[in-house]
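# Secondary and tertiary structure notes
Each chain, written out:
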Amino acid sequence: MSERFEGSFTQQEPIPDEGIEAAMRVMQHGRLHRYNTHGDEIAEAALLEEEFAEQVGAKYCLAVASGGVAMSTALRASGVKHGDAVLTNAFTLAPVPGAIAAVGGVPVYVEVTADLVIDLDDLAAKVGQAKVLLLSHMRGHICDMERVMAICNAAGVTVIEDCAHTMGAAWDGVPSGRWGRFGCYSTQTYKHVNSGEGGLLISDDAEGMARAIMLSGSYMLFEKHRAAPPIETFAQIKYETPNISGRMDNLRAAILRPQLRKLSEQAGKWNARYRAVEAGLRDVPGLTLIVRPEKESFVASSFQFLLSDWSSEAVADVIARCAKRGVELKWFGGAEPKGFTSRYDSWRYADVPDLPETDKVLAGIIDMRLPLTFSLDDCAQIARIIRAEVGAVWQEVGVS
Ligand SMILES: *Cc1c(COP(=O)(O)O)cnc(C)c1O
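Residues numbered from 1 in each chain as written. Predicted model: local features only at pLDDT ≥ 70, side-chain atom pairs only at ≥ 80, totals over all residues. Heavy atoms only, no water.

### Description of the overall build of the protein chain
Filter applied, for reference: Comment: elements are numbered from the N terminus, with helices defined as DSSP H or I runs of at least four residues and strands as E runs of at least two. For the exposure calls, accessible area comes from a 1.4 Å probe over protein chains only, and a residue counts as buried if that area is under 20% of its type's maximum, exposed if over 50%, partly exposed in between. Note on contacts: a residue pair is in contact if any heavy atoms of the two residues lie within 4.5 Å. Here the accessible surface of atoms and residues is derived via Shrake-Rupley with a 1.4 Å probe, and residues count as covered only by protein chains that are part of the display. Charge counting treats Lys and Arg as positive and Asp and Glu as negative, with His and both chain ends excluded. A charge is said to be at NZ when it belongs to Lys, at CZ for Arg, at CG for Asp and at CD for Glu.
Counting its secondary structure elements, the protein chain contains 13 helices and 14 strands. Seen through its principal axes, the protein chain has C-alpha atoms that stretch 70 × 50 × 35 Å. The buried share of the protein chain, taken over its 400 residues, is 54%. Of all intrachain contacts in the protein chain linking residues separated by at least 6 positions in sequence, the fraction that spans at least 24 positions is 72%. For the protein chain, the accessible surface area stands at approximately 16,600 Å², while carbon and sulfur atoms represent 52% of it. Here the protein chain contributes 40 positive and 52 negative side-chain charges, whose respective centroids are spaced 3 Å apart.

Next comes the structure, spelled out in structure tokens:
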């Protein structure tokens, strides 16, 4: 009998004890709303913002209800209005074009390369079509940030970073999220810290952050924020900015604070798992590993490889064979969006352009999560199973 993997690809670690205890305290006092503070008490949400700003070296931070809210808030705070075009990667996850749609914007997709990052030549060609780029570091792959900023700065295009998969990561030593005007993070269960739902937004831009705080639903209580711009910044903005409630509560903030303190330790564990899978998948005929650039320091909560130029039947066969042996792979190129959606042509509320380079990548990209509940032995076993099944299908199709 061939070996079978018995672990769960969707099982994250428990919340650390410290987080559980902090959450208990919030529930015991009952002041879950971030602006419900007693005397000179500082809300957990305000402390979370202060600590995360400090951790990434940003002036300002705002905690919100989800990564999607962080992105739509950043877009709106950057002046995106109904009908405005917004550039974004063609390979990303549904909440990214969804955030653009939420503010009435129109996604303009930029091709992605076989390194799974935005194609900067295609960006340079399209940069004149919009005033904002929502750059998604999809699956934690970071493009050449110096070049993307040079292209966008020259064209007067604002960059907003989607760091849902790059919390704790950096390009050339500068944290992901610190390159653009805004950095947006998700604290949803499958990301790098887990509060069920939640998001964080960072910026050095006082006016942009004042607008973001108003947008998030601050009820003129912005003075209770700590990682926020000076009060004078709000003088006019407070009258002009709608309140679109999307706040984070103190319970989630309490759960997150101890997790953020462990982030770099966790990153080390994720990357050890990534390297274990990578080592096990070296030199498999027909399977292409993603080369990680030297300037990129990543946090690998998931793993990708390419079956480039394989027929869709052969790819589907690999997925089915691995699934039988307990290895749950995602094929982002699958024709029907099931369980997740990452194909730009399944987002039919927006124009579906012709993107041959992205189509080629999507047709062969295989993805899996690497939760920290996997041991290094688990990772080696997963790689052995993939290796065997890719090899078996490759032999069948390669010979015929
Ligand atoms: C998860 C995710 C987000 C934000 O997700 P929420 O579920 O809204 O917190 C944004 N971008 C990418 C690429 C994601 O995977």
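Let's pick the thread back up.
### With respect to the site of the ligand
Rule in force here: Any residue with a heavy atom positioned within 4 Å of a molecule or strand is treated as near that molecule or strand. In protein, a polar contact means a hydrogen-donor-capable atom and an acceptor-capable atom, both N or O and within 3.5 Å, with residues adjacent in sequence counting only if both atoms are side-chain atoms; elsewhere, any N or O pair within 3.5 Å suffices.
Lining the immediate environment of the ligand, one finds 16 residues, of which Gly67, Gly68, His165, Ser186 and Lys191 sit closest. Glycine 67 is positioned with one of its backbone polar atoms (N or O) 2.8 Å from an oxygen atom of the ligand. Here lysine 191 contributes a side-chain N or O atom positioned 2.9 Å from an oxygen atom of the ligand. Protein contact buries 91% of the 380 Å² of open area that the ligand shows by itself. Elements that contribute at least two residues to the shell around the ligand include exactly α3 (67–77) and α4 (95–102). In terms of residue count, the dominant contributor to the shell around the ligand is α3 (3 residues).

### Concerning a nonpolar patch on the surface
Rule in force here: Note on patches: the residues involved have over 30% relative accessible area and no salt bridge, like charges join within 9 Å, and the nonpolar side chains Val, Leu, Ile, Met, Phe, Trp and Tyr join within 5 Å. By definition here, a salt bridge exists when the distance from a side-chain nitrogen of Lys or Arg to a carboxyl oxygen of Asp or Glu is within 4 Å.
A surface patch of nonpolar side chains, amounting to about 330 Å² of accessible area, comprises Ile20, Met24, Met27 and Leu32. Take methionine 27: it is sitting in helix α1 (residues 17–29). When its relative accessible area of 44% is taken as the criterion, methionine 27 is described as partly exposed.

### A word on the sheet that holds strand β6 (residues 170–171)
Strand pairing in a sheet relies on backbone hydrogen bonds. The paired strands run either parallel or antiparallel. The cut-off we apply is this: The criterion for strand pairing is that DSSP finds at least two bridges linking the strands in question.
Taken in spatial order, the 3 strands line up as β7-β6-β11 in an open sheet, and their pairing is antiparallel. Edge positions in the sheet fall to β7 (174–175) and β11 (296–297), since each of these pairs with one other strand and no more. Sheet topology places β6 next to β7; 2 bridges connect them, and they run antiparallel. Bridge assignment links tryptophan 171 to a residue of β7, and that residue is valine 174.

### Notes on the domain arrangement of the protein chain
Selection rule: Domains are outlined according to an automatic or database domain assignment. In this description, buried area is defined as the sum, over both parts, of the accessible area (probe of 1.4 Å) that is lost when the two are combined.
The domain boundaries assigned to the protein chain delineate domain 1 (17–261) and domain 2 (263–397). Computed from C-alpha atoms alone, the centre-to-centre distance between domain 1 and domain 2 is 27 Å. Taken together, the contacts link 39 residues of domain 1 with 33 residues of domain 2. Across the interface of domain 1 and domain 2, roughly 3,000 Å² is buried in total on both sides, 58% from carbon and sulfur atoms. Considering only the surface of domain 1 that becomes buried against domain 2, Tyr109, Arg139 and His192 emerge as the three largest contributors, covering 21% of it. Counting the contacts that link domain 1 with domain 2 gives 2 salt bridges. For the salt bridge of arginine 139 with aspartate 367, the shortest nitrogen-to-oxygen distance reads 2.8 Å. For the pair domain 1 and domain 2, the number of links is 12 residue pairs in polar contact (both at pLDDT 80 or more).

### Examining the sheet that holds strand β10 (residues 288–289)
Spelled out, the test is: Angles here are taken between N-to-C directions and fall from 0 to 180 degrees, while the axes themselves are lines fitted to C-alpha atoms, restricted in helices to the stretch in contact.
Read from one edge of the open sheet, 4 strands run β10-β12-β14-β13, paired in antiparallel fashion. Two strands in the sheet have a free side with no partner beyond their single neighbour: β10 and β13 (330–331). Relative to strand β14 (residues 365–369), strand β12 (residues 302–306) is paired through 5 bridges, and the arrangement is antiparallel. Note on β14: the bridge partner recorded for serine 302 is arginine 369. Here helix α10 (residues 263–280) sits on the sheet and contacts β10, β12 and β14; the angle it forms with β12, its principal contact strand, is near 25°.

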